[in-house]
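# Structural description and commentary
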Amino acid sequence: MHETAIVEGLMRILEAQAARHRVARISSVIVKVGRLRAVEPAQLVACFEMFAEGTVAEGAQLKIEAVSVRARCKACATEFEVPRFRFECPGCGGGDVDVVQGQELYIESFEAAERLPSGGVPK
Amino acid sequence: MCDNCGCNVTDGNRHLVEADHRTIEVLEDLLHENDRQADHNRAHFDAMGLLAINVMSGPGSGKTSLLEATIKALPDRVRLAVIEGDLETENDAERIRRHGVPAVQITTGMACHLDAHMVHDALHELDLAKVDILFIENVGNLVCPASFDIGQHCNVLLLSVTEGDDKPAKYPVMVRAADQMLITKTDLLPYIEEFSVRRARDAVREIRSDLPVTELSAKTGQGMGPWLAWLQAMVAERQAKFRRHAQGYSYAPHR
Ligand SMILES: Nc1nc2c(ncn2[C@@H]2O[C@H](COP(=O)(O)OP(=O)(O)OP(=O)(O)O)[C@@H](O)[C@H]2O)c(=O)[nH]1
Ligand SMILES: [Mg+2]
Ligand SMILES: [Zn+2]
Ligand SMILES: [Zn+2]
Ligand SMILES: [Zn+2]
C-alpha cells in the first residue's frame, strides 16, 4: 500500500496550500501520474477519500491524469513514445535511451470552492 | 443579514464572497519529503565515500542468502554493513550478524517498502566511517520499492528461477529502475524446465537493453564471480569520486 504514503504527501501539500490561499473547501484536485510510477489510480482515489475526511478536501474529486512514457535515443536523438515498456528506438533500433517523460508524480492544481472570511482560521 | 441572499455583501467584502471558485496551480511533487530525506541520506553516504546498494526482489528470491554468500566471498578489506527491511521479525538481520557484519533490522509493520526516513533512523545505529558497502535489503515486493528513493547509489534486482521467466515483463518498472539484475538459484535450473534464461534475458533487454544480467547460485557459489567483480568496480568508482571531491567538500550533514 504505497498509495498511503503518496496520499499523505498530497494531503500535506493541500492543507498547506489551503491555509496559504485562505481556502475553506477544495472541490477537486488534479494529480499527474507517470506510467513508470507503478501507482494504481483506483487505490489512490480510495485512499484519498479516506484521508480527506474531516479536512478541507473532504468530498473533493481526485482526478488522476496518466502521463505516457517518452524516451530519447542516446544514439540518434529520436524522441518517441514508449509503447508497453518496449524501450526500443524506432529510428535506429537502439535501446540505450533517456526517459524524458513518465516518472511524474505531482499535484498540478486544485479547485477552491470557498474562501475563508478574512480573519477566519483554516480548519 | 444572511449568507444566502447577498444582503450582507458590501463593496468592502464583495471580493471575499464572490471570489468563490478559483483554480490554484501547485506543481509540487507528492513524494517531495521522501526525496529530500533521500538526498540527505545520500549526503551522509557521500561524506564517507561509501557505496549504498538497494537490494530488491519479490519475497524469497534469495536476497539475504545472496548477502551472506557475498560476505563470505568478498575480501576482508571490503568493509560491509547491512540494513534489513521486513514487515516483521529480526531474522534477516540475525542471519547477517552471524557472519560478523553489523546489521540493523527495520520492521515496517504495514508498509510494503522502505522509505528514506526509515533508512535514516537506521543509519544512526551504524558507524558509517567503517563501511565501504552498505547493502539495504528492501522488503520483498516487486511493485513499490522502486518508487521510493532511499538515498542509494544503485539498485540490484533479483529474480529467482522459481518465479518464472515472465516476471521482467510483468514488473517493467522494477527492471527499468535496476542497475544490475541477478538471476538467482540457478542450481535449481535442472529441475525447473519451464524457466528459460534466454527468455528472461530477452524480456529484460526489451525494457532495458543496457542492464547487466548475471546468473548465479548463492547456494553453490556458482556464477558469483561477475557479481563480485561488478561490486568491487562500483566501490572503486565511488571511492575515486570521493577522493576527487574530498578537498572541495563543504557540506557535512549532521551525524
Ligand atoms: N536452491 C537454492 N535455494 C536458495 C538460494 N538462495 C536462497 N535460497 C533459498 O530460498 C529461500 C529464501 O531465501 P532468502 O535468502 O531468505 O530470500 P529473501 O529474498 O531474503 O527473502 P525475504 O527477505 O523474505 O523476501 C530460503 O529457503 C533459501 O535457502 C540458492 O541459490 N539456491
Ligand atoms: Mg531477506
Ligand atoms: Zn509499498
Ligand atoms: Zn535511435
Ligand atoms: Zn542525518
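Above this text is the structure in question.
Below is a summary of the structure that appears in this document. (Residues numbered from 1 in each chain as written. Chains lettered and ligands numbered in written order. Predicted model: local features only at pLDDT ≥ 70, side-chain atom pairs only at ≥ 80, totals over all residues. Heavy atoms only, no water.)

## Points about the coordination of the zinc ion (ligand 3)
All names here are of chain B.
- Donor atoms from the polypeptide that coordinate the zinc ion (ligand 3) comprise C112 (SG), H113 (ND1) and C144 (SG), at 2.0 to 2.3 Å from the metal.
- If you list the donors of the zinc ion (ligand 3) from N- to C-terminus, the spacing comes out as C-H-x30-C.
- What makes C112 buried here is its relative accessible area of 14%.
- Overall, the relative accessible area of 3% leaves H113 in the buried class. (Donors = N, O, S within 2.8 Å, 3.2 Å for Na, K, Ca; no water. Buried < 20%, exposed > 50% of the residue type's maximum accessible area, 1.4 Å probe, protein only.)

## Regarding the coordination of the zinc ion (ligand 5)
Residue and element names in this part refer to chain B.
- The zinc ion (ligand 5) binds to the protein through H40 (NE2), H44 (NE2) and H120 (NE2), with metal-donor distances spanning 2.0 to 2.1 Å.
- Counting gaps between the donor residues of the zinc ion (ligand 5) yields the pattern H-x3-H-x75-H. Of this pair, H40 and H44 both sit in helix α2 (residues 32-48), separated by four residues, roughly a single helical turn.
- You can call H44 buried: its relative accessible area is 5%. (Helix = DSSP H or I, 4+ residues; strand = E, 2+ residues; numbered from the N terminus.)

## Observations concerning the layout of surface pockets
- Approximately 440 Å³ is the volume attributed to the largest pocket.
- Lining the largest pocket are 16 residues, with A:Q103, B:A146, B:Q152, B:N155 and B:A177 sitting closest to its centre.
- Counting only elements with at least two residues in the lining of the largest pocket, the list comes to β6 (154-160) and α7 (172-177) of chain B.
- Examining the composition of the lining of the largest pocket, we find that three residues originate from one element, α7(B), more than from any other.
- The residue makeup of the lining of the largest pocket, split by class, is six nonpolar, five polar and five charged. (1 Å grid on protein atoms, 1.4 Å probe; cavity = no way out; pocket = protein on both sides within 12 Å on 5 of 7 lines; lining within 4 Å. Points joined across faces, edges and corners; volume = space filled by probe spheres on them. Nonpolar A, V, L, I, M, F, W, Y, C, P; charged D, E, K, R; others polar.)

## Digging into the sheet that holds strand β4 (residues 103-107) of chain B
Residue and element names in this part refer to chain B.
- Pairing in this open sheet of seven strands is parallel, and the strands run β4-β3-β5-β2-β6-β7-β8 from one edge to the other. Taken across any chain shown, the strands that pair with only one partner, and hence form the sheet edges, are β4 and β8 (213-215). With strand direction ignored, the average angle separating the axes of adjacent strands in the sheet is 20 degrees.
- Strand direction decides the pairing type here: strand β7 (residues 180-184) and β8, joined by three bridges, are parallel. Each residue of the ladder has a partner; that of L182, found in β8, is T214.
- Sitting on the sheet, helix α8 (residues 197-207) is in contact with β7 and β8, with an inclination near 160 degrees to β8. (Pairing = 2+ DSSP bridges. Axes fitted to C-alpha atoms, helices over the stretch in contact; angles between N-to-C directions. Contact = heavy atoms within 4.5 Å.)

## Some remarks on the interface of chain B and chain A
- Residue-level contacts link 29 residues of chain B with 37 residues of chain A.
- For the pair chain B and chain A, the summed buried surface comes to about 3,100 Å²; carbon and sulfur atoms form 56% of the total.
- Per-residue buried area on chain B facing chain A is highest for B:R22, B:I24 and B:L30; these three make up 23% of the total on that side.
- Here chain B and chain A share two salt bridges between them.
- Put simply, A:R86 and B:E206 hold a salt bridge, and the shortest N to O gap is 2.7 Å.
- Linking chain B with chain A are 14 residue pairs in polar contact (both at pLDDT 80 or more), by the criterion used here.
- Taken together, the elements giving at least two residues each to the side of chain B that touches chain A come down to α1 (14-18), β1 (22-29), α7 and α8 of chain B.
- Sorting elements by how many residues they give to the side of chain B that touches chain A places β1(B) first, with eight residues.
- Tallied by class, residues from the side of chain B that touches chain A come to 14 nonpolar, six polar and nine charged. (Buried area = accessible area lost by both parts, 1.4 Å probe. Salt bridge = Lys/Arg side-chain N within 4 Å of Asp/Glu carboxyl O. Polar contact = N/O pair within 3.5 Å; in protein donor to acceptor, adjacent residues only side chain to side chain.)

## What to know about the packing of helix α3 (residues 63-73) of chain B against helix α9 (residues 224-246) of chain B
Residues and elements named next belong to chain B.
- Interhelical geometry of α3 versus α9 gives an angle of 75 degrees and a closest axis separation of 11 Å. Between α3 and α9, the angle is such that the two are roughly perpendicular. Across the interface between the two elements, L66, A69, T70 and A73 from α3 touch M224, W227, L228 and L231 from α9.
- Residues of the contact of α3 with α9, tallied by class, amount to seven nonpolar, one polar and no charged. (Parallel < 35°, antiparallel > 145°, perpendicular 65-115°, else oblique.)

## Examining the site of ligand 1
All names here are of chain B.
- Close to ligand 1 lie 18 residues, the nearest being K63, T64, S65, R95 and D187.
- Taking T64, its side chain carries an N or O atom lying 2.8 Å from an oxygen atom of ligand 1.
- Contacts to ligand 1 include D92, whose side-chain N or O atom sits 3.1 Å from an oxygen atom.
- Here ligand 1 has 650 Å² of accessible area as a free molecule, and 71% of this is covered by the chains.
- Those elements that provide at least two residues to the shell around ligand 1 are α3 and α4 (91-97).
- Split by residue class, the shell around ligand 1 holds three nonpolar, seven polar and eight charged. (Near = heavy atom within 4 Å. Areas by Shrake-Rupley, 256 points an atom, 1.4 Å probe, with all protein chains shown as cover.)

## Things to note about unusual backbone geometry
- Even without a glycine there, the phi angle at A:R22 is positive, about 55 degrees.
- Following the sequence through the fold, A:R22 ends up in the loop between α1 (2-20) and β1 (23-34).
- On the basis of relative accessible area, A:R22 is assigned to the partly exposed category, the value being 31%.
- A positive phi angle, near 75 degrees, is found at B:T89, a position not held by glycine.
- On the basis of relative accessibility, which here comes to 40%, the residue B:T89 falls in the partly exposed class.

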